[in-house]
Amino acid sequence: MVHGPWSIVNKFFRRIIIATGILAVAFLIQSCNSSFTPKPKGYYKIHFPEKKYQVFDQPGYPYSFEYPQYAQIVKDSTFFGETTENPWWINIEFPEFKGRIYISYKSIGKNRFDTLVKHAFVLTGKHSAKAYSIDDSLMLTPNGISGIFFAVGGDVATANQFYLTDSSKHFLRGAMYFDATPNADSLGIVNRFILQDMKHLINTFRWKQ
């Protein structure tokens, strides 16, 4: 039997197709038997400034403390659209990190002490839906200031909060927030950096009146 040129070509292509199929099956078998390691998530490297502090001690304010030179104090005149109770509410802004520490002050007498404490716990507890832990720790600073520090774990809007008080006249609350979607992983390193500044604020805090 005589084979024409097209018959030879067709036979050649059939062999290529069969060989390609065998290689594809072998590759799939090998892939199933090999382990796959996903590439871990990566985040931009952040260059943090040197820790240097300055004193906030404005006339008329009932408190003073030290805050970073790379932060700025902005007076807060509204709270959720309403005028603040007094003129001593401020925000400590961290423009480089799009974060801030909200500082609110209330006088005891005009407000019941136990109500202020309860409200601080309630505000922290509002994050319990997304938090996997909420730890509260009693504080007594080198200047004799007492209070409670709240550490909230998870993808929450604020991971660190605190209040300071003398239990008779003054009550101050602080909470750290970021202008970003809550993500414990991506915000973790910045949170820890500013947490050092928050602790420095607490340890240098004084009542003036």
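Residues numbered from 1 in each chain as written. Predicted model: local features only at pLDDT ≥ 70, side-chain atom pairs only at ≥ 80, totals over all residues. Heavy atoms only, no water.

**Here we look at the overall build of the protein**
Inference 1: When helices and strands are tallied, the protein shows three helices and twelve strands.
Inference 2: Counting only residues that meet the buried cut, the protein has 36% of its 209 residues in that class.
Inference 3: Here the contacts in the protein between residues at least 6 apart in sequence split such that 52% fall between residues at least 24 apart. (Helix = DSSP H or I, 4+ residues; strand = E, 2+ residues; numbered from the N terminus. Buried < 20%, exposed > 50% of the residue type's maximum accessible area, 1.4 Å probe, protein only. Contact = heavy atoms within 4.5 Å.)

**Here we look at helix α2 (residues 113–125)**
Inference 1: Taking 1.5 Å of rise per residue, the 13 residues of α2 would be expected to cover 18 Å, and the 19 Å separating its terminal C-alpha atoms lies within 8% of that figure.
Inference 2: Among the residues of α2, those classed as buried are Leu116, Val117, Ala120, Leu123 and Thr124. Looking down the long axis of α2, one finds its buried residues gathered within 125° of arc, a one-sided arrangement. (Expected span 1.5 Å × (residues − 1). Arc of directions from axis to C-beta.)

**Describing the packing of aromatic side chains**
Inference 1: A complete count under the given rule lists 21 aromatic pairs for this structure.
Inference 2: A ring pair is formed by Phe56 and Phe65, whose centres lie 5.2 Å apart and whose planes are at 25°; its orientation type is stacked.
Inference 3: A relative accessible area of 2% means that Phe65 is categorised as buried.
Inference 4: Through a chain of ring-to-ring contacts, three or more aromatic side chains come together here, namely Phe56, Tyr61, Tyr63, Phe65, Tyr67, Trp88, Tyr105, Phe205 and Trp207.
Inference 5: Between Lys51 and the ring centre of Phe193, over which it is positioned, the NZ or CZ distance is 3.4 Å. (Phe/Tyr/Trp six-rings, centres within 6.5 Å; stacked < 30°, edge-to-face > 60°. Lys NZ or Arg CZ within 6 Å of the ring centre and 35° of its normal.)

**Focus: the side chain of Ser64**
Inference 1: Residue position: Ser64 is located in strand β2 (residues 63–68).
Inference 2: Other than its neighbours up to four places away in sequence, Ser64 contacts Phe56, Asp57, Thr204, Phe205, Arg206 and Lys208.

**Quick word on the sheet that holds β2**
Inference 1: If you walk across this open sheet you meet the three strands as β1-β2-β12, and the pairing is antiparallel. A single partner strand is all that each edge strand has here, and the edge strands are β1 (53–56) and β12 (206–207).
Inference 2: One ladder, built from two bridges, connects β2 with β12; its direction is antiparallel. Its bridge partner being in β12, Ser64 is matched across the sheet by Arg206.
Inference 3: Contacting β1 and β2, helix α3 (residues 188–203) runs over the sheet at an angle of about 155° to β2. (Pairing = 2+ DSSP bridges. Axes fitted to C-alpha atoms, helices over the stretch in contact; angles between N-to-C directions.)

**Regarding the pairing of β1**
Inference 1: Where β1 and β2 come together, four bridges link them in antiparallel fashion. Directly across from Phe56, in β2, lies its bridge partner Phe65.
Inference 2: Here β1 hands over to β2 after six residues, with Gly60 in that stretch at a positive phi of 90°.

**Thoughts on the confidence of the model for the protein**
Predicted coordinates in areas of low pLDDT are best not read in detail.
Inference 1: Across the protein, pLDDT averages 80, with 68% of residues at or above 70.
Inference 2: Looking over the protein, one finds the lowest element-wise mean pLDDT in helix α1 (residues 5–33), namely 52, and the highest in β2, namely 98.
Inference 3: Scored below 50 in pLDDT, residues 39–43 makes three contacts in the model with residues more than four places away or belonging to other chains. (pLDDT = per-residue confidence, 0-100.)

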